[in-house]
Each structure stands twice: as structure tokens, then as C-alpha cells.
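Residue-level listing of the chains:
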Number of protein chains: 2
Amino acid sequence: MTNRSLDKKERILEAATRTFAEKGFFNAKISEIARQAEVADGTIYLYFKNKDDILIQIFEYMVERHLENIRQAVAKGGSPEEKIRMFVRHHFSTVEKFPKLVEVITIELRQSSKFMKEYVPKKFFNYLGIVSDLIIEGQASGVFREDADPEITKQALWGSLSEVTVLWLKTRKKRFDLQTCGEQIAELYIRGLRA
Amino acid sequence: MTNRSLDKKERILEAATRTFAEKGFFNAKISEIARQAEVADGTIYLYFKNKDDILIQIFEYMVERHLENIRQAVAKGGSPEEKIRMFVRHHFSTVEKFPKLVEVITIELRQSSKFMKEYVPKKFFNYLGIVSDLIIEGQASGVFREDADPEITKQALWGSLSEVTVLWLKTRKKRFDLQTCGEQIAELYIRGLRA
């Protein structure tokens, strides 16, 4: 893919993110996305199969970028406990930095039944895999309980992060201070895992 | 409302639950729900405004029934720790008992943007309020940490329960044993909250 077409694709993804956030996934029209991206309607179909496909590619783009950042952030932590705290903090700081994008991938994405029922989010599994790896690391070094299941704990933590994120987005960011949420959730899981 | 019309309404709610679970919220047709409930299409509009309204009433009906059961189950627990374990266990045993209903209210409900953006689930707040009350009770009796925020912790726990539930439903119940999930999650939060 040439630089120019990569630009165009990114422009479409950015315009689609804004459009989905403003109008919702169902009400958003391809023609509106094209207008915002300043491309012809037909151009969109050179890069994407349909609206679901745009949404899924927004998700993949976000996870990919986020994945690299979080790997770097976690690497700075010392102990497995500290790294889990980093992971949680980083999640919420991303939410604060990109609220529209996060709104699209947490609220609108669930409205794509293609995504909910068929899509296998491999990159997202890699992202969550960071957590189970940290738990296994902590168990190996004796700081975390042997009887904590890394897979279930990883899903439980993800549930906590995404639930609080959705609530924050739905209540127009007023109900909770996200940094406080991050410290609270990190503390719960670190203590909950401690040997 | 007479007994007979209450029957009819319940029959429609049950038929709608089956239809939503089988076809998905978007593909489900009012006429199909009417056929399954053995009522005329028009009868449905005597009780419900539209498809979103049926879905929301399924949710309310479920929460109401569940709320009473869980209050009784939690009342049997002794310490606040034990009561939190009861709450978690009860959640997953309900999921195991009513998988179709739970599928509709966890997966399909999110596809109703009316529900996601406008509906204020007061009864559901009462249900979650059980958790924050238990945390406050535990803090008062000195078993839980004073610095744990009951509101954030309640949302975090709810996120864990619903995330694992969705995963269990999506993976056709094979990936996790729900009872193990319940014990794992209860243990995490009880230890995480402990003073």
C-alpha cells in the first residue's frame, strides 16, 4: 500500500470514528463518513467491505496502537504488582485521552452483531494476555497466590475496566474520577492476588 | 390488570425472550413473537410500545425476580465476606439456570441504543446496591478496608460478573466452569477488600 492510500485509509477511519461517536453506529451513513473524510463514497469500498468492517478496523487499529504503548508502560514497572498497576493506569489514561474512540469501541462496537457473534479479536487477546502473563510471573516469583486462575482473573479485571469505562462515558465523565477508579481497581486486584 | 391479561403479557415476554435469543434483537419480528405467544400482532401493542420496550420489560422482569431471590440468598450468609460470596454464587447459578434469558439481557440488550443511551435501570441499581451496602457493612464491622470505595468496587465487581457471563455465553459454555469462576471472583474481591 502506498503512503497516499495509507493516508486515505487512516482519514476514513478517523472520519468514521467521529461519525460513529456522533450519530451512533446504526444511524451513521457511509456517505457521511465519505464526506467527512473528503473522499468519494466508492473510495470507502476500496478499503472496507461495509460499515461493520470499518468499525472492526477502528477497533484493530486502536488495539494495535494501545498494545504497543501498554507493553512499554508495563515494562517500566518493577514487580508484577507494580506492573498490574501500570496496566490499569494506562487503560484509564487512554480512555481519558481518546474518549470518542473509546466510546465507539466500547458502546458502538457492541451494536455490531457481526462483531459480537463472529469476530475473533486476536489482537485484543494479545492485549489481555499481558495480564495473565503478569499473574503467572507473580505466581512464579511467589508474590501472587498459586490458586488464582490467570485466565479467569484476566477476564474479571477486563470486565472491571470496561464496566467503569462505559459508566464514565455514559454519565458524561462526571460520576467518577478515572484516576481514582484506576487506583481503586488496581488495589483490589493486587490485594486479591497477593499470596 | 386481570389475571388473564397478566398471563398474556407474561406469555409475550417469554415468547420474546426465546425469539430474541434465537434470531437476535434486530432480526426478531413482532409478528414472530406474536405467533410464538399465540396472540394477534395487535395484542402486543396493547402491552408494549415497540420492540425496545419489550426488551426493556424482559430486563425489568428478570431483575425484579432475581433481586428478590438474591436478597434471600444473601440474608442466609453470615459475615459480609460470606454474603459477597453468596451474591457472586447466586449470580452465576442464575446464569446457569436461565441461559437464554441472560443471553438476551446481556448481549441483545446492548444492541438497543434506546436502552444503552436513555434507559435508567432503577431496579438494576437496587440490585447492585446490595453489593455497596455489603461493603459498607463490612467496613463498619472492621473486616473491609476503609479506603475501598463502595461505589467503584460495586461497579468493578459487576463488570467482572458480566464479562465472564458474556464470555461463557459466547463460547457456548465450554471455556469456563461457571462455579469455578464464581469461587475465583468471590475470592479475589473478598481478599481485595479485606482490612
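Since the structure is predicted, the reported quantities are computational estimates derived from the model, not experimental observations.

Engineer: Hey, could you run me through the confidence of the model for chain A in this one?
Structural biologist: Should the pLDDT be low somewhere, the predicted coordinates at that spot are not to be read in detail. All names here are of chain A. Of the residues in chain A, 92% reach a pLDDT of 70 or more, and the chain-wide mean stands at 87. Put simply, helix α7 (residues 113-117) is where chain A has its lowest mean pLDDT, 68, and helix α10 (residues 178-193) is where it has its highest, 96. Across the assembled chains, the prediction reports ipTM 0.83 with pTM 0.85.

Engineer: Looking at this structure, I do not really get the interface of chain B and chain A. What am I missing?
Structural biologist: Many analyses report the size of an interface as the accessible area lost when the parts associate. With 28 residues of chain B at the contact, the number on the chain A side is 28 residues. Per-element tally for the side of chain B that touches chain A: the top contributor is helix α9 (residues 150-170) of chain B, with 11 residues. Looking at the side of chain B that touches chain A residue by residue, the classes come out as 14 nonpolar, 10 polar and four charged.

Engineer: What am I meant to see in the packing of helix α6 (residues 99-108) of chain A against helix α9 (residues 150-170) of chain A here?
Structural biologist: Between two packed helices, what matters for the description is the angle formed by their axes and the separation of those axes. All names here are of chain A. In the contact formed by α6 and α9, the axes pass within 10 Å of each other and the chain directions differ by 120 degrees. Taken as a pair, α6 and α9 cross one another with a handedness that is left-handed. On the side of α6, the interface is formed by Pro99, Val102, Glu103, Thr106 and Ile107, while α9 contributes Ser162, Thr165, Val166 and Leu169. Classifying every residue of the contact of α6 with α9 by side-chain character gives five nonpolar, three polar and one charged.

Engineer: What exactly am I supposed to notice about the nonpolar core here?
Structural biologist: Most often, soluble globular proteins have nonpolar side chains that are buried together. Ranked by internal contacts, the top residues of the largest apolar core, which has 99 residues, are Ile58 and Tyr189 of chain A together with Ile58 and Tyr189 of chain B. Here this core takes eight residues from helix α4 (residues 51-76) of chain A, the largest share from any one element. Tyr189 of chain B has contacts with Leu188 and Gly192 of chain A together with Ile84 and Leu157 of chain B, leaving out every residue within four places of it along the chain.

Engineer: I keep staring at the relation of the copies chain B and chain A and nothing clicks. Help me out?
Structural biologist: Between the two copies of the chain lies a relationship made up of a rotation around an axis and a movement along it. With an axial shift of 0.0 Å and an RMSD of 0.0 Å, the rotation relating chain B to chain A amounts to 180 degrees. Here the symmetry operator amounts to a two-fold rotation axis. Of the residues that chain B buries at the interface, 100% are likewise interface residues in chain A, meaning the two copies contact each other through the same surface.

Engineer: Is there a simple way to think about the domain arrangement of chain A in this case?
Structural biologist: All names here are of chain A. Here the domain parsing of chain A yields domain 1 (1-48) and domain 2 (51-193). Here the C-alpha centre of domain 2 lies 27 Å away from the C-alpha centre of domain 1. Listed by partner, the interface residues are 11 residues for domain 1 and 14 residues for domain 2. In terms of residue count, the dominant contributor to the side of domain 1 that touches domain 2 is helix α1 (residues 3-23) (six residues).

Engineer: I tried to follow the packing of α10 of chain A against helix α10 (residues 178-193) of chain B on my own but got confused; where do I start?
Structural biologist: Contact pair α10 of chain A / α10 of chain B: the axes reach a minimum separation of 7 Å and the direction vectors enclose 105 degrees. Taken together, the axes of α10 of chain A and α10 of chain B are roughly perpendicular relative to one another. Listed contacts from α10 of chain B to Leu188, Tyr189, Arg191 and Gly192 of chain A of α10 of chain A are Leu188, Tyr189, Arg191 and Gly192 of chain B. Residue classes in the contact of α10 of chain A with α10 of chain B are distributed as four nonpolar, two polar and two charged.

Conventions we followed
Residues numbered from 1 in each chain as written. Chains lettered and ligands numbered in written order. Predicted model: local features only at pLDDT ≥ 70, side-chain atom pairs only at ≥ 80, totals over all residues. pLDDT = per-residue confidence, 0-100. Helix = DSSP H or I, 4+ residues; strand = E, 2+ residues; numbered from the N terminus. Contact = placed C-beta atoms within 7 Å. Nonpolar A, V, L, I, M, F, W, Y, C, P; charged D, E, K, R; others polar. Axes fitted to C-alpha atoms, helices over the stretch in contact; angles between N-to-C directions. Left-handed = near helix turned anticlockwise from the far one by under 90°. Core = buried A, V, L, I, M, F, W, Y, C linked by C-beta atoms within 7 Å. Buried ≥ 20, exposed ≤ 12 C-beta atoms within 10 Å, placed from the backbone. Least-squares fit on C-alpha atoms with pLDDT ≥ 70 in both. Domains from an automatic or database assignment. Parallel < 35°, antiparallel > 145°, perpendicular 65-115°, else oblique.

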